[in-house]
Amino acid sequence: MPERARILYLSRVFCKVSQSGNLGLSGWFGACPASMMRHCFDMVTTMLILGLETSCDETGVALYDTERGLLAHALFSQVDIHMEYGGVVPELASRDHVRKTLPLIEQVLSEAGCAATDIDGVAYTAGPGLAGALMVGSTLARALAWGWGVPALGVHHMEGHLLAPMLEEEHPEFPFVALLVSGGHTQLVRVDGIGQYRLLGESLDDAAGEAFDKVAKMLGLPYPGGPHIARLAQQGNPERFDFPRPMVNRPGLDFSFSGLKTYTLNTVADCRGDGELSEQDRCDIARAFEQAVVATLVIKCRRALRQENLKTLVIAGGVSANASLRSSLEAALKKEGARVFYPAPIFCTDNGAMIAYAGAQRLQAGQVDDAEARVRPRWPMEELPPLFMAGVS
């Protein structure tokens, strides 16, 4: 048997022992078989990891090779399903993940020219997210891993977003400040390495992406609102309205967008006092709202970099695809000799590639799940272990 195959075979045997219930989670950190398994992982220089993302309303699947990089990925968006409801319906999201995940796995394997027997581990989103949607990915990932005799690992959704820029040819080096900005999160985090996170600030109410969606609804725009507001904003008059930049005159790095949302609602009501909103009204309001959100994020990012004495910023999450935010950050940071990194637009929203990459880093370090299936709809990222603590030293 070739050396790589022999090593992986041994690691899979120990994985089976763990999944049979004879070795719990603590065993990976201290028992002799776990130490041997970590040794097996150390000896394997490359791993092929299947990544599954089912935390909300997008089904993402990817294959990541730790030597060759991203081999294939596929994504199915449920936007059309949820659009008529103006937001995500959790039960509908879970059911669609059930329908779509296996076909996407088959598609990715075919596109990569790989077989199931080539896979060395399965990574899946374990949280945060919608409980039912997370359970779909978790149970499928663990069932596949059991059947294939490979380890499985639950990945933190926001760690996936944070590490998504690492998929690019030109990627940041640690340490850096990360702005995680999406429909469910707006956070500034200091990142000293994988699993070495310190929260600097976060939204005290609505996330930025959530505020985009709610303002879009005020303007009669479909879900999700971010791209539609950005499109209207391009035709807006930047001089007509001047919306407030929330919490920028206070110390600290926290955010708040609920007041800005209320200010926008009042502006919409004032414009409707003369009749229905005109197309120009909608464009001008969208422009003012987007400018306020972007300016607030830029100010806080500059403040965070200065506070931490760093020159590298990473932005990730769905809102990071906003063109105005990207150009404004690049212009502002260039003046200070700092750089900003972000994922390719296709990897800004939820996707399997970021989960496969994040899972590959931890699986290769020897971290694996125990036999008990867990998902965590709420999961502080600071609870994640540093990568060097992921396995047995």
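Here the structure is a predicted model, which is why all the values come from computation and not from measurement. (Residues numbered from 1 in each chain as written. Predicted model: local features only at pLDDT ≥ 70, side-chain atom pairs only at ≥ 80, totals over all residues. Heavy atoms only, no water.)

Trainee: How should I be thinking about the overall build of the protein chain in this particular structure?
Mentor: A count of helices and strands for the protein chain gives 13 helices and 10 strands. Here the protein chain, with 393 residues, has 55% of them falling under the buried criterion. When contacts within the protein chain are restricted to residue pairs at least 6 apart in sequence, long-range pairs at least 24 apart make up 73% of them. As displayed, the protein chain offers around 16,600 Å² of accessible surface, 52% of which is attributable to carbon and sulfur atoms. (Helix = DSSP H or I, 4+ residues; strand = E, 2+ residues; numbered from the N terminus. Buried < 20%, exposed > 50% of the residue type's maximum accessible area, 1.4 Å probe, protein only. Contact = heavy atoms within 4.5 Å. Areas by Shrake-Rupley, 256 points an atom, 1.4 Å probe, with all protein chains shown as cover.)

Trainee: Is there a simple way to explain the confidence of the model for the protein chain in this structure?
Mentor: Reading predicted coordinates in detail is not appropriate for stretches of low pLDDT. Averaged over every residue, the pLDDT of the protein chain is 89; residues scoring 70 or more account for 87%. Contacts for the low-pLDDT stretch residues 1–6, under 50 throughout, to residues beyond four places or in other chains number seven contacts. The low-confidence segment residues 389–393, where pLDDT is below 50, has 16 contacts with residues more than four positions distant or belonging to other chains. (pLDDT = per-residue confidence, 0-100.)

Trainee: Help me understand the pairing of strand β8 (residues 196–202) in this model?
Mentor: Regular strands place side chains that alternate from one sheet face to the opposite one. Judged from the six bridges that link them, strand β7 (residues 186–193) and β8 form a sheet pairing that is antiparallel. For Val189, the partnering residue across the bridge sits in β8 and is Leu199. From the end of β7 to the start of β8, which pair antiparallel, there are two residues, and Gly195 there has a positive phi angle of about 85 degrees. (Pairing = 2+ DSSP bridges.)

Trainee: I'm lost on empty space enclosed by the protein in this one. Help?
Mentor: The rolling of a water-molecule-sized probe over the atoms marks out the regions of remaining empty space. Enumeration over the complete set of coordinates arrives at one cavity of 30 Å³ or more. The volume enclosed by the largest cavity comes to roughly 40 Å³. The wall of the largest cavity is formed by Gln187, Val189, Tyr197, Arg198, Leu199, Met381 and Glu382. With three residues, the single largest contributor to the lining of the largest cavity is β8. Partitioned by chemical class, the residues of the lining of the largest cavity number four nonpolar, one polar and two charged. (1 Å grid on protein atoms, 1.4 Å probe; cavity = no way out; pocket = protein on both sides within 12 Å on 5 of 7 lines; lining within 4 Å. Points joined across faces, edges and corners; volume = space filled by probe spheres on them. Nonpolar A, V, L, I, M, F, W, Y, C, P; charged D, E, K, R; others polar.)

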